[in-house]
Amino acid sequence: MSHPKNQFASDNYAGICPEAWDAMAEVNQGFANAYGNDPWTAKACNLLREFFETECEVFFVFNGTAANSLSLASLCQSYHSIICHELAHIETDECGAIEFFSNGTKILLVPGRNGKIDLDEVENTVNRRSDIHYPKPKVLSLTQATEVGTVYSVEEMIKAGETAKRLSMKLQVDGARFANALASLQVAPKELTWKAGVDVLTFGGTKNGMTVGEAVIFFNRELAQEFDYRCKQAGQLASKMRFLSAPWIGMLKSGALLGNAAHANRCARLLAEKLQAVPGVKIMHPCQANAVFVQMPQSLIEALQKKGWMFYTFIGSGHARFMCSWKTTEQDIDLLVADITTLAPSV
Ligand SMILES: *Cc1c(COP(=O)(O)O)cnc(C)c1O
C-alpha cells in the first residue's frame with residue numbers, strides 16, 4: 001500500500017534520498033568486481049574510517065537485524081550471554097535472530113529509565129552469579145539512539161564502556177539510528193564510539209535515507225576475524241556490493257548522512273513542542289532524536305487511525321510513536337497536529 005501523505009509510523013516509510021539515489025546511479029555503469037572487490041566499496045570503507053578517525057574494519061550487510069545478530073554472534077560462544085535493555089530491538093523486534101545466529105547465546109534483560117540501560121543493574125546481573133550454571137555474560141549491547149528516542153551522552157557512553165571493561169565484557173552498539181544520535185549531540189563520531197570503548201557498531205543507513213544496507217564497524221579489529229565468512233553463510237554477502245556501499249559515499253561526501261538526521265530530529269522536536277500544547281496528550285520521553293512518544297486516550301488513537309494516520313503503538317514503552325524522517329516536512333507535522341487538535345476534545 002502506498003500513502004499519498006507522509007506517515008509517521010516509521011522512518012523507513014520514507015523513500016530513498018537524492019544523495020543515495022544519485023550515488024547508485026553513478027556506479028551503475030560498466031562492470032565491476034563482485035562481492036565487495038570493487039573500488040567504490042573500498043572507498044566507502046575508507047570514508048567511514050575517516051568519519052570515525054580510526055582504522056576500523058567495515059562490512060556492509062542488507063539490514064539491521066543481520067548487522068546486530070551477526071556482530072553479536074561474532075562476539076559470543078553459545079554458552080555466553082548478552083546484556084541489553086528490556087526494550088532493546090534485539091530482544092523485542094528481531095524474532096530471535098540473535099539467539100539463532102549465535103547458536104543459542106542467551107539475552108539477559110535489564111531495566112532503565114527512558115530506554116537507557118541502568119549500569120548498576122548491569123553490574124548486578126553480572127555479579128549475582130559466578131557459577132558454571134549461569135550463561136556467562138560476554139557482551140553489553142546498547143541502542144543509540146534508543147528505542148524510545150533518547151540518546152546516551154558521551155559521558156554515559158564512557159561510563160558504559162568502563163563498566164563493560166571492568167566486567168570483562170565487549171561493548172556492542174545497535175546504531176540503526178546512530179546518525180540521529182550524532183546529529184543530536186553534535187559531537188565527533190569517535191567520541192561516541194571507540195574513544196568510549198565501543199568494540200562494534202552497527203551503523204544504520206536505511207532509516208536515514210538509503211535504499212538498503214547497514215555498515216558493521218569493528219573498532220576492535222581482532223573481533224572482525226572471519227566475519228566475512230559469517231556474512232556469506234548468513235546470506236548477507238551482496239554480490240553487487242557496490243549498490244550497498246555507494247550510497248555511503250554519496251551521503252558521507254555530501255553531508256546528507258548527518259543532514260538528514262538533523263532534519264528528522266528537528267521535525268520531531270517541532271512535533272513534540274506542538275503536541276505539548278494539546279490537552280489530553282502527554283509526551284512520554286525526552287525528544288532527543290527523531291521519535292515522539294505520546295500518551296493519549298485509546299479513543300483518540302482510534303479516531304486518528306480512522307482518519308488514515310498510521311503509527312505504531314506497540315514499540316518501546318507501548319505509547320503512540322510518531323517517527324520523523326529525512327522526508328518529513330513542517331506541513332506534514334501541521335496536518336497531523338491539526339487532526340490531533342481537532343479530534344482530541346471530541347473523543
Ligand atoms: C530498525 C531497527 C533495526 C534494524 O531493523 P531491520 O528492519 O532489520 O533493518 C535495529 N535496531 C533498531 C533500534 C531499529 O530501530
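Each chain carries its own residue numbering, running from 1 in the written order of its sequence. Local features in a predicted model are, by the rule used here, given only for residues with pLDDT of at least 70; side-chain atom pairs are given and counted only at 80 or more, and totals for whole chains, interfaces and linings are based on all residues. With hydrogens and water stripped out, all remaining heavy atoms of the structure feed into the side-chain values.

1. Brief notes about the sheet that holds strand E9 (residues 291–295)
Inclusion rule: Between any two strands, pairing holds if DSSP finds at least two bridges. Working definition: helices are DSSP H or I runs of at least four residues, strands are E runs of at least two. Numbering for both runs from the N terminus. Throughout, a residue-residue contact means that at least one pair of heavy atoms, one from each residue, lies within 4.5 Å. Inter-axis angles, ranging from 0 to 180 degrees, are taken between N-to-C directions of lines fitted to C-alpha atoms, where helices are fitted over the stretch in contact.
Reading across from one edge, E8-E9-E10 is the order of the three strands in this open sheet, with antiparallel pairing throughout. Each edge of the sheet is formed by a strand with only one pairing partner; in this case those strands are strand E8 (282–283) and strand E10 (320–323). By the bridge criterion, four bridges tie E9 to E10 in an arrangement that is antiparallel. Each residue of the ladder has a partner; that of Ala 291, found in E10, is Met 323. Here helix H11 (residues 256–276) sits on the sheet and contacts E8, E9 and E10; the angle it forms with E9, its principal contact strand, is near 20°.

2. A look at the nonpolar core
Inclusion rule: Throughout, nonpolar core names a set of buried Ala, Val, Leu, Ile, Met, Phe, Trp, Tyr and Cys residues whose side chains join them through atoms within 4.5 Å. Remark: exposure states derive from per-residue accessible area (1.4 Å probe, protein chains only) relative to the maximum for the residue type, with buried under 20%, exposed over 50%, and partly exposed in between. Boundaries of every domain are those given by an automatic assignment or by a domain database.
Leu 48, Phe 60, Leu 140, Phe 203, Ile 217 and Trp 248 are the most contacted members of the largest nonpolar core, which totals 54 residues. Examining the composition of this core, we find that six residues originate from one element, helix H2 (residues 39–52), more than from any other. Lining this core are residues from two domains, each supplying at least three of them: domain 1 (18–256) and domain 2 (257–346). Setting aside its immediate chain neighbours within four residues, Ile 217 contacts Leu 48, Phe 52, Cys 56, Glu 57, Val 58, Asp 199, Val 200, Leu 201 and Phe 203.

3. Quick word on helix H13 (residues 330–343)
Condition: Expected span of a helix, by definition, is 1.5 Å for each gap between consecutive residues, and there is one gap fewer than residues.
Taking 1.5 Å per residue, 14 residues should reach 20 Å; H13 reaches 20 Å between its end C-alpha atoms and fits that length. Buried residues along H13 sit in contact with H11, helix H12 (298–306) and E10.

4. Considering the packing of helix H6 (residues 119–127) against helix H7 (residues 154–166)
How we decide: We call two directions roughly parallel when the angle between them is under 35 degrees, roughly antiparallel when it is over 145, roughly perpendicular when it lies between 65 and 115, and oblique otherwise. By the convention adopted, Pro, Cys, Tyr, Trp, Phe, Met, Ile, Leu, Val and Ala count as nonpolar, Lys, Arg, Asp and Glu as charged, and the other residues, Gly among them, as polar.
Direction vectors running N to C along H6 and H7 enclose 10°, while the axes themselves pass 11 Å from each other. The orientation of H6 relative to H7 falls into the category roughly parallel. Taken together, the residues of H7 that come into contact with H6 (itself represented by Leu 119, Val 122 and Glu 123) are Lys 159, Ala 160, Thr 163 and Arg 166. Residue composition of the contact of H6 with H7, grouped by class: three nonpolar, one polar and three charged.

5. What about the domain arrangement of the protein?
Heads up, the rule is: When a carboxyl oxygen of Asp or Glu is within 4 Å of a side-chain nitrogen of Lys or Arg, the pair counts as a salt bridge. Throughout this description, a polar contact denotes any pair of N or O atoms lying within 3.5 Å of each other; where both atoms belong to protein, one of them has to be capable of donating a hydrogen while the other can accept it, and for residues adjacent in sequence the pair is counted only when both atoms sit in side chains.
Each assigned domain of the protein is listed here: domain 1 (18–256) and domain 2 (257–346). The straight-line distance from the C-alpha centre of domain 1 to that of domain 2 is 27 Å. With 26 residues of domain 1 in contact, the opposing surface of domain 2 contributes 24 residues. Along the contact surface separating domain 1 from domain 2 lie zero salt bridges. The interface formed by domain 1 and domain 2 holds 15 residue pairs in polar contact (both at pLDDT 80 or more) in total. Elements with a contribution of two residues or more to the side of domain 1 that touches domain 2: helix H8 (178–185) and helix H10 (242–254). Of all the elements, H8 adds the most residues to the side of domain 1 that touches domain 2, at five residues. Of the residues that constitute the side of domain 1 that touches domain 2, the class distribution is 15 nonpolar, eight polar and three charged.

6. Digging into the site of the ligand
The criterion, for reference: Put simply, a residue is near a molecule or strand once any heavy atom of it comes within 4 Å of that molecule or strand. Only the protein chains shown count as cover for residues, and all accessible areas are computed by the Shrake-Rupley method using a 1.4 Å probe.
Within the structure, the ligand sits among Asn 63, Gly 64, Thr 65, Asn 68, His 89, Glu 94, Thr 143, Glu 147, Asp 174, Ala 176, Arg 177 and Lys 207. Within the side chain of Arg 177, an N or O atom sits 3.1 Å from an oxygen atom of the ligand. Considering the ligand on its own, with 390 Å² of exposed area, one finds that the protein chains cover 81% of that surface. Among the elements that line the shell around the ligand, the one with the most residues is helix H3 (residues 64–75), at three residues. For the shell around the ligand, the per-class residue count stands at one nonpolar, six polar and five charged.

7. Let's talk about the pattern of salt bridges
A full pass over the atoms with the stated rule returns nine salt bridges. In this structure, Glu 57 engages Arg 221 in a salt bridge whose closest nitrogen and oxygen atoms are separated by 3.3 Å. In this pair, Glu 57 is assigned in strand E1 (residues 57–61) and Arg 221 in the loop between strand E7 (214–218) and helix H9 (227–233), connecting sequence segments 164 residues apart. Residue Glu 57 is classed as partly exposed on the basis of its relative accessible area, which comes to 24%. When its relative accessible area of 43% is taken as the criterion, Arg 221 is described as partly exposed. Between Glu 191 and Lys 195 there is a salt bridge; the shortest N-O distance is 3.4 Å. The exposure class assigned to Lys 195 is partly exposed, which follows from its relative accessible area of 47%.

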